[in-house]
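Secondary and tertiary structure notes
If you want the building blocks of each chain, they are given just below.
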Amino acid sequence: GAMPSAINTCLSVADEFVLPTKKSVDVFDEGSDARLLPKTGQAKLSWLQGDPTMATAGYYREKPHGLLNKPRVLYVSGAFIGFRQRIPPRIPDVVKLDWQIRLVKMLAAMKIELKSQMHPGGVLQGQPHPVNTHCTPSNMLFEEAKDWAEIFVFDVIQSTTFPKALITNKPIVLIDHGMNKFNKTMKTLLSERCLILNVERDSRNRIKIDGELLEQSIMEAAKMTPDPTPFSEMYAGDYAL
């Protein structure tokens, strides 16, 4: 589920990178800045006919059936990675936990039916996630929980759950920490597919977001039926239904 924005890191150590489709290669090529490519040589970009695990079962969206007309919202976040680091970087675990708890408390106070989808791996693998004490965990694999959800709230992009949500016809509210670099083409596709909210930092450098804006965005998203076709074609290719 690698996003085109992450390819540059791989290109610095690989002589060939295989993407799922020709369209995904085109998206990478069309809007990429040549300065980001390795100076030591150009890796070959190859492609296949698509990823069958990214096939969808159709784009029909059922009418909302949340509890008392409250939209079903699935909050999806990433793993704690300990002393490891990734490129683009992620926020430190302690800062991430503080953010996740504050965000979940904010979401739990809204007129929504909330479940959390916290990453089962990382340093907490096999242990209860602290965030789940403040909300209802889905207790399902994402592949099952995404069918329950009517709206996704994501604050992580470097995860296979994100492209799997992109190929559904369900709205996505993306909280962007500003730590990912997308080329122009991908930025356009994401802005057309998601409601994107940018975070701020307080005097202690903690992540914060306006609660009213977030709730308004979720309620606005509840009225939308996005078209996942561009991402389905990019990831599923010939397997797109």
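Given the structure is predicted, the values throughout are model-derived calculations rather than measurements. (Residues numbered from 1 in each chain as written. Predicted model: local features only at pLDDT ≥ 70, side-chain atom pairs only at ≥ 80, totals over all residues. Heavy atoms only, no water.)

Attention now moves to the packing of aromatic side chains. This structure, assessed with the given rule, holds five aromatic pairs. Relative to Phe 154, the ring of Phe 142 has its centre 6.4 Å away and its plane inclined at 70°; by these criteria the two rings are edge-to-face. Highlighted residues: Phe 142 in helix H4 (residues 142-148) and Phe 154 in strand S5 (residues 151-154), separated in sequence by 12 residues. Residue Phe 142 is classed as buried on the basis of its relative accessible area, which comes to 5%. Exposure remark for Phe 154: the relative accessible area of 0% places this residue in the buried category. Taking the centre distance of 6.4 Å and the plane angle of 20° together, the rings of Phe 231 and Tyr 235 count as stacked. You can see Phe 231 and its partner Tyr 235 sitting in helix H8 (residues 229-235), four residues apart, about one turn around the helix. Accessibility assignment for this pair places Phe 231 and Tyr 235 in one class, buried. These aromatic residues form a ring-pair network of at least three members: Phe 142, Phe 152, Phe 154 and Phe 162. A cation over a ring is seen here: Lys 22 above Trp 47, with NZ or CZ 5.4 Å from the ring centre. (Phe/Tyr/Trp six-rings, centres within 6.5 Å; stacked < 30°, edge-to-face > 60°. Helix = DSSP H or I, 4+ residues; strand = E, 2+ residues; numbered from the N terminus. Buried < 20%, exposed > 50% of the residue type's maximum accessible area, 1.4 Å probe, protein only. Lys NZ or Arg CZ within 6 Å of the ring centre and 35° of its normal.)

Our focus in this paragraph is the pattern of salt bridges. Within this structure, the stated rule accounts for eight salt bridges. One salt bridge connects Lys 23 with Glu 233, and the closest N-O pair in it is separated by 2.9 Å. Remark: Glu 233 occurs in helix H8 and Lys 23 occurs in helix H2 (residues 22-31); sequence separation between them is 210 residues. Owing to a relative accessible area of 29%, Lys 23 belongs among the partly exposed residues under this scheme. Among the salt bridges present, the one from Lys 146 reaches Asp 147, with a minimum N-O distance of 3.6 Å. Judged by its relative accessible area of 53%, Asp 147 falls in the exposed class. Connected through shared salt-bridge partners, Asp 98, Arg 102, Asp 202 and Arg 206 make up one network. (Salt bridge = Lys/Arg side-chain N within 4 Å of Asp/Glu carboxyl O.)

Reading across from one edge, S4-S3-S5-S6-S7 is the order of the five strands in this open sheet, with parallel pairing throughout. Both edges of this open sheet fall to strand S4 (113-117) and strand S7 (194-198), since each of them pairs with a single strand only. Each adjacent strand pair in this sheet contributes to an overall mean axis angle of 20°, direction not counted. In this structure, S5 lies alongside strand S6 (residues 172-176), joined through three bridges in parallel fashion. Bridging from a neighbouring strand, Val 153 pairs with Val 173 of S6. Packed on one face of the sheet, helix H3 (residues 93-108) meets strand S3 (72-76), S4 and S6 and runs near 175° to S3. Contacting S6 and S7, helix H6 (residues 184-193) crosses the sheet at an angle of about 105° to S7. (Pairing = 2+ DSSP bridges. Axes fitted to C-alpha atoms, helices over the stretch in contact; angles between N-to-C directions. Contact = heavy atoms within 4.5 Å.)

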